[in-house]
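Listed below are the residues making up each chain.
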Amino acid sequence: MDDGTAFGLPTTSETSLAEAIRARSPRLEQVRFTSSGTEAVMFAVKAARAITGRPMIAKFEGAYHGAYDYVEVSLDSTPMNWGDLSPKSVLYAKGTHVSTATDVLVLPYSEPETCRELIRGNHERLAAILLDPVASRVGMVPMEAGVREVIQDCCNRYGILLVVDEVVSYRVDYHGAHAMFGLEPDLVALGKIIGGGLPVGAVAGPASHMAVFDHTRGKPAVSHGGTFSANPLSMTAGLAALQSYTKEAVVRLNRMGNTLRTEINEQLRRHEVPAQVTGMSSLFRLHLKPEVIRNYRTSFPNALRKTALAKVHLAMLERGFLMTPNCSGALSTPMSNTDVEDLAAALVDAIHETWKQSPW
Ligand SMILES: Cc1ncc(COP(=O)(O)O)c(C=O)c1O
């Protein structure tokens, strides 16, 4: 069998994607593959309910975790409906059953004591707390240590499972985001880079929790399957991607991300444009405001800024750079320092042009 050298890939001893993940993240003793991150999160939530026998989950205001009804709560709440410091559970898709809102507790991303109070008040019903430590739609700012500590403490204290969504943030550290942020998840959802560009997702965790899916002794507590789960194409592409994403590659890409954000922010300051990029590692997001971004509410763009963001997005497409519609993006391993310089120059130019045409 070809070991990858023909494609110039670094070789490692792992021969499967699951082994490669486990070798990087020893806490993830077992891995079950899905075809998307949405499914990975959904199975993690279903597993948490089955393991704990509790109905409710908690998630952070604004955080995106895919399209499962329960994790779409408070995805696009606005100042009109988001409530006071304790966020209201706001449904997202039309037609979602109203009971979904009662089974989802919404937490503020940067308010540790409010989080503690809300969790304490609901702990007997809470199966899981779902978090992404660098949630893009929350502002793409790392979750503050104080909040992480409260969440981990509440999970330990009340027997609530900690589910970390690393569909995007797995890339921030060779060992995964949970390792970088000192979290001890009960289950982790993975996706995106572990598929090397092909459809993929995975739910992973300690064997004791993953036993909830065990079908070898009759019907499992949670049945998991899927036509394309663990399909050989995604598994092969994913293994190749992880083999390329070595410790050195992670360090290099993270350094390039720092350079990108610093360079853009310095130039925006020099041009006196009220905008900034946030992010960490190889992830970034543009905000058309100068205020410190700490959470979903401080990152929330008003109508004028939303329109301007759409213009920047289009202006970047014209310059050959694809970002998400809310102007976030990720660097990737084939990129060189020159690519990063070009990206920074194009983004500053696109922002400046938009600012001159229609200031926000
Ligand atoms: C943090 C996070 N979780 C889950 C998902 C869902 O993954 P997928 O699009 O593969 O269903 C995404 C997708 O962007 C995501 O960003």
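Residues numbered from 1 in each chain as written. Predicted model: local features only at pLDDT ≥ 70, side-chain atom pairs only at ≥ 80, totals over all residues. Heavy atoms only, no water.

To continue, consider the site of the ligand. Neighbouring residues of the ligand: Ser36, Gly37, Thr38, Tyr64, His65, Gly66, Asp132, Asp165, Val167, Val168 and Lys192. Between an oxygen atom of the ligand and a main-chain N or O atom of Gly37, the distance comes to 2.8 Å. In the complex, the protein chains occlude 79% of the 390 Å² of accessible area that the ligand would expose alone. (Near = heavy atom within 4 Å. Polar contact = N/O pair within 3.5 Å; in protein donor to acceptor, adjacent residues only side chain to side chain. Areas by Shrake-Rupley, 256 points an atom, 1.4 Å probe, with all protein chains shown as cover.)

Another aspect to go through is the domain arrangement of the chain. If you check the domain split of the chain, you get domain 1 (5-244) and domain 2 (247-357). Between domain 1 and domain 2, the residue contacts involve 33 residues of the former and 25 residues of the latter. Together, the buried faces of domain 1 and domain 2 total about 2200 Å²; carbon and sulfur atoms form 58% of this surface. Counting across the domain 1 and domain 2 interface gives two salt bridges. Close ionic contact of Glu61 with Arg297 constitutes a salt bridge, the shortest N to O distance being 2.9 Å. Along the contact surface separating domain 1 from domain 2 lie 18 residue pairs in polar contact (both at pLDDT 80 or more). Along the lines of polarity and charge, the residues of the side of domain 1 that touches domain 2 split into 16 nonpolar, nine polar and eight charged. (Domains from an automatic or database assignment. Contact = heavy atoms within 4.5 Å. Buried area = accessible area lost by both parts, 1.4 Å probe. Salt bridge = Lys/Arg side-chain N within 4 Å of Asp/Glu carboxyl O. Nonpolar A, V, L, I, M, F, W, Y, C, P; charged D, E, K, R; others polar.)

Turning our eyes to something else, we now look at the packing of helix H11 (residues 303-318) against helix H12 (residues 337-357). For the pair H11 and H12, interaxial distance at closest approach is 9 Å and the crossing angle is 135°. Considering their axes alone, H11 and H12 lie oblique with respect to each other. H11 and H12 meet at a crossing whose hand is right-handed. Between H11 and H12, the contacting residues are Ala308, Lys311, Val312, Ala315 and Met316 on the first element and Leu343, Ala346, Leu347, Ala350, Ile351, Glu353 and Thr354 on the second. Its residues assigned to classes, the contact of H11 with H12 shows nine nonpolar, one polar and two charged. (Axes fitted to C-alpha atoms, helices over the stretch in contact; angles between N-to-C directions. Helix = DSSP H or I, 4+ residues; strand = E, 2+ residues; numbered from the N terminus. Parallel < 35°, antiparallel > 145°, perpendicular 65-115°, else oblique. Left-handed = near helix turned anticlockwise from the far one by under 90°.)

To continue, consider helix H9 (residues 247-270). For H9, built from 24 residues, the straight-helix expectation of 34 Å at 1.5 Å per residue is met to within 8% by its first-to-last C-alpha distance of 35 Å. All of the buried residues in H9 are Ala249, Val250, Leu253, Asn254, Met256, Gly257, Leu260, Arg261, Ile264, Asn265, Gln267 and Leu268. Summarising the contacts, the buried residues of H9 are in contact with helix H8 (232-244), strand S8 (276-278), strand S9 (283-287) and H12. Following H9 by one or two positions, Glu272 adopts a phi angle in the positive range, close to 55°. (Expected span 1.5 Å × (residues − 1). Buried < 20%, exposed > 50% of the residue type's maximum accessible area, 1.4 Å probe, protein only.)

Moving on, we get to the pattern of salt bridges. Opposite charge on two side chains lets them pair, provided their charged atoms get close. Applying the stated criterion to the full structure yields 10 salt bridges. It is possible to trace a salt-bridge network through shared partners that takes in Glu113, Arg116, Asp153 and Arg157.

The next point concerns the sheet that holds strand S6 (residues 187-191). Read across the sheet, seven strands follow the order S1-S7-S6-S5-S4-S2-S3 without closing on themselves; strand pairing throughout is mixed. Looking at the sheet topology across the chains shown, the edges are occupied by strand S1 (30-34) and strand S3 (104-107). Adjacent strand axes in the sheet meet at a mean angle of 20° when their direction is disregarded. The sheet contact formed by strand S2 (residues 56-60) and S3 spans four bridges and is parallel. Paired with Ile57 across the bridge in S3 is Val104. Of the strands in this sheet, S2, S3, strand S4 (126-131) and strand S5 (161-165) touch helix H5 (residues 145-158), which is tilted by about 140° from S5. (Pairing = 2+ DSSP bridges.)

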